[in-house]
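An overview of the molecular structure
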Amino acid sequence: MDLNRETAMRLWNKQFGKETKGKDFAGREIAKGAYNDRNSDFGWNVDHILPQSKGGKTADHNLICCHILTNDQKGSKFPCFVANDCTFEILKVENHYEIKTVKSNTEQKPQQQQNQELNLFDSASGIRFYKKQKGIQNKKCFVGTVIIKLEDVQNTALIDFIGEVFCDESVVSYSNRNNYWNRNDITLVIRNYNMPKKDDINELLDKCVLLHTYLSYYFKVLGEVKDYNIFYRVDVFDNKLEFCSKVDDIRLTGYRYVSPYSISSSCLHINNLVIVNTEAGKRVKENPHDDYTEYNIVYTKLSENLKKEVNGK
């Protein structure tokens, strides 16, 4: 599908019917006759809900009419972004993505004022914050860990690329091994320490699938990496004290305990807590003989485009 004027008008009619003016999801007013007009106060264009850089498709279910300023502010940010002083989040709903309001412009002001109240040079403010934190110490802690094993990396720009994919998570360690074949085998450990919702677990899974697609259809094909494996696991701790004492002892299966000869190469592997808390549970069954189950899902449209990139098209 081409994002031309004809497509835009069809999407307008689908979203606003016969109306010649409307408001986008951020509350900005747009006019049908001001399509792609940056000189108009009502200029609008068509945006991908899930950004193309994150695997979003150019299909009706992933397209929305919005003000040019809204589109500029949203850009390729994912999953959260701010537009017209409102905070939004892109969430997966069944088999498509939708934009949900997290905080409206009227709701954000009290939060901003609340953040400004924290002043550690003010004893009352500091103790108030401490007491608030005491109230959440007995809640369960969900931690997501991604172990990425890269064999014979040709250029460390690949590491920067992976860092961009997981920009919202913490890279907790790198390891580099130069063996007698003069090969650079690199292992990255990436962790998200706060994943209380199924959406959080699913979001990190989507990033793993995204990286798996790029590694399989571009970087490996071009010889930028000889082979790879991605391991994604979720662990749960009963409270913050257990979390603090055991988080560094999470079994990095696939890093220490699994022989490279016992697993499939160039694959994404997930543990049971990922399977039961995401849509992966509808696609694979837990491997009863191992901590991990193979999850060789890729973004189809993205993989097709990467093939074209490899062929120079």
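Here, every reference points to the structure presented above.
Residues numbered from 1 in each chain as written. Predicted model: local features only at pLDDT ≥ 70, side-chain atom pairs only at ≥ 80, totals over all residues. Heavy atoms only, no water.

Moving on: the pattern of salt bridges. Counting across every chain of the model gives 13 salt bridges. When the shortest N-O distance is used, the salt bridge between lysine 92 and glutamate 279 registers 2.8 Å. In this pair, lysine 92 sits in strand 6 (residues 86-93) while glutamate 279 sits in the loop between helix 8 (272-277) and strand 13 (292-294), placing the two residues 187 residues apart along the sequence. Residue glutamate 279 is classed as buried on the basis of its relative accessible area, which comes to 19%. (Salt bridge = Lys/Arg side-chain N within 4 Å of Asp/Glu carboxyl O. Helix = DSSP H or I, 4+ residues; strand = E, 2+ residues; numbered from the N terminus. Buried < 20%, exposed > 50% of the residue type's maximum accessible area, 1.4 Å probe, protein only.)

Applying the stated rule across the entire model yields 14 aromatic pairs. Each ring, one from phenylalanine 25 and one from phenylalanine 88, has its centre 5.2 Å from the other, and the planes form 90 degrees; the classification is edge-to-face. Taken as a pair, phenylalanine 25 in the loop between strand 1 (21-23) and strand 2 (29-31) and phenylalanine 88 in strand 6 lie far apart in primary sequence, 63 residues in all. The exposure class assigned to phenylalanine 25 is partly exposed, which follows from its relative accessible area of 21%. According to the relative accessible area criterion, phenylalanine 88 is buried, its value standing at 2%. Note on tyrosine 218 and phenylalanine 219: the rings are 5.2 Å apart at their centroids and 85 degrees apart in plane angle, and the pair reads as edge-to-face. Linked through ring pairs, Trp12, Phe16, Tyr35 and Trp44 together constitute an aromatic cluster. Over the ring of phenylalanine 81 we find lysine 74, and its NZ or CZ is 5.8 Å from the ring centre. (Phe/Tyr/Trp six-rings, centres within 6.5 Å; stacked < 30°, edge-to-face > 60°. Lys NZ or Arg CZ within 6 Å of the ring centre and 35° of its normal.)

With that settled, consider the sheet that holds strand 6. What the three strands build is an open sheet, ordered 5-6-7; its pairing is antiparallel. In the strand order of this sheet, the two ends are held by strand 5 (80-83) and strand 7 (96-103), each with one partner. Neighbouring strand axes in the sheet, compared pairwise and without regard to direction, differ in orientation by 35 degrees on average. Judged from the four bridges that link them, strand 5 and strand 6 form a sheet pairing that is antiparallel. Of the residues in strand 6, the one forming a bridge with alanine 83 is cysteine 86. (Pairing = 2+ DSSP bridges. Axes fitted to C-alpha atoms, helices over the stretch in contact; angles between N-to-C directions.)

Take it as geometry only, folks, not as evidence of what the structure does.
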